[in-house]
Amino acid sequence: MIVSWNDRLLAEEEVKVSPFDGGLLRGEGVFETMRALDGRVCFWARHYARLLNSAARLSIVVPDPEVMERGISHVLEGNELTGGLARIRLTLSENVLITAVPLPHPAKACRVVTSASPINEWSPLAGAKVCSYAENMTVLRASGVDEAIRPNTRGELCEGCLSNVFFVKDGVVNTPSLKTGCLPGVTRSVLLERNPEFLEGRWPMGILEQAEEIWLTSSTRLMTWVDEFEGRLMGPPSELFQRTLADLREAAKH
């Protein structure tokens, strides 16, 4: 694959990382994973704003948005991904790396469980998208399913290892407040702006046992219907889910 490394286009095997790079040694880096459609990043301004916020926590300098956009365009072109869907990853540490790969088709079914491993909402990096994802991936692998939903240290519903969580109870769509320590997901923010009737709040983890529907959101997949939660079959996607997803896909085109 062709990548952008410090604003230079290189073949992936040509990238050389210093053995003293903070991102490599300590995970001191930030990243954004983005969806691109026909050569254009969806919700780019929101991703860049979150990148700035995350980078400020680690005192990492972020290049101007025009520089980043140029690098993304070059990588998409270099990998012949200017048509259809692609997944962009932008990583900043002491270096700037941009990669682009085809966005794989979603799995036919999504199985989800809960995990007792808490997220520390008091962490100075809570809400920042940092490169230290070993904990998330360890919890997810141990779950043996597609996603594991985690509490915070208060036992409140927080987020999945790779996604934000929405649930429907009594016909109302809800999602954990950012005060729980969950990541301020880009898709999450778009949904809340376009659907002011959706509620943010704080609930115990057990609320999901009463949920009529559970949705997962992420930048690449937008929205995913949970088919099975803790062994309970949730049925086919509802009309509400399909209508919300269609509106979200339309918003991602602009």
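An account of the accompanying structure is given in this report. (Residues numbered from 1 in each chain as written. Predicted model: local features only at pLDDT ≥ 70, side-chain atom pairs only at ≥ 80, totals over all residues. Heavy atoms only, no water.)

So, helix α2 (residues 44-57)
Inclusion rule: Numbering of helices and strands starts at the N terminus; helices are DSSP runs of H or I of at least 4 residues and strands are runs of E of at least 2. In this analysis, the expected span of each helix is defined as 1.5 Å times one less than the number of residues it contains. Working definition: with a 1.4 Å probe on protein chains only, accessible area under 20% of the residue-type maximum means buried, over 50% means exposed, and in between means partly exposed. Here the arc refers to the directions that run from the helix axis out to each C-beta atom. Any pair of residues with heavy atoms lying within 4.5 Å of one another is described as a contacting pair.
The end-to-end C-alpha distance of α2 is 20 Å, a good match for the 20 Å that 14 residues give at a rise of 1.5 Å each. Buried within α2 we find W44, H47, Y48, R50, L51, S54 and A55. In an axial view of α2, the angular spread of the buried residues amounts to 165 degrees, which keeps them on one side of the axis. Across from the buried face of α2, at angles greater than 90 degrees, the exposed residues are A45 and A56. On its buried face, α2 sits against β3 (30-37), β4 (40-41), α3 (65-78), β5 (85-92) and α5 (186-194). Downstream of α2 by one or two residues, S59 has phi in the positive range, about 55 degrees.

Remarks on the nonpolar core
Note the threshold: We call a set of buried Ala, Val, Leu, Ile, Met, Phe, Trp, Tyr and Cys residues a nonpolar core when their side-chain atoms join them within 4.5 Å.
The biggest cluster of nonpolar side chains holds 24 residues, and the ones touching the most others in it are W44, M68, I72, L76, I88, L90 and L92. Where this core is concerned, the elements lending two or more residues are β3, α2, α3, β5 and β6 (96-102). Every residue in contact with L76, bar those within four places of it in the chain, is listed here: A36, G39, L81, T82, A86, I88 and A100. Listed in part, the 19 residues of the second largest apolar core include L191, L222, A251 and A252.

What about the packing of aromatic side chains?
Where we set the bar: Pairing of aromatic rings covers Phe, Tyr and Trp, the last counted by its six-membered ring, and requires centre-to-centre distances within 6.5 Å; plane angles under 30 degrees mean stacked, over 60 mean edge-to-face, and any other angle means tilted.
Counted by the stated rule, this structure contains 7 aromatic pairs. Ring centres 5.7 Å apart and planes at 45 degrees place the aromatic pair W44 and Y48 in the tilted group. Residue W44 and its partner Y48 are both found in helix α2; the two are separated by 4 residues, about one turn of the helix. When its relative accessible area of 12% is taken as the criterion, W44 is described as buried. Owing to a relative accessible area of 11%, Y48 belongs among the buried residues under this scheme.

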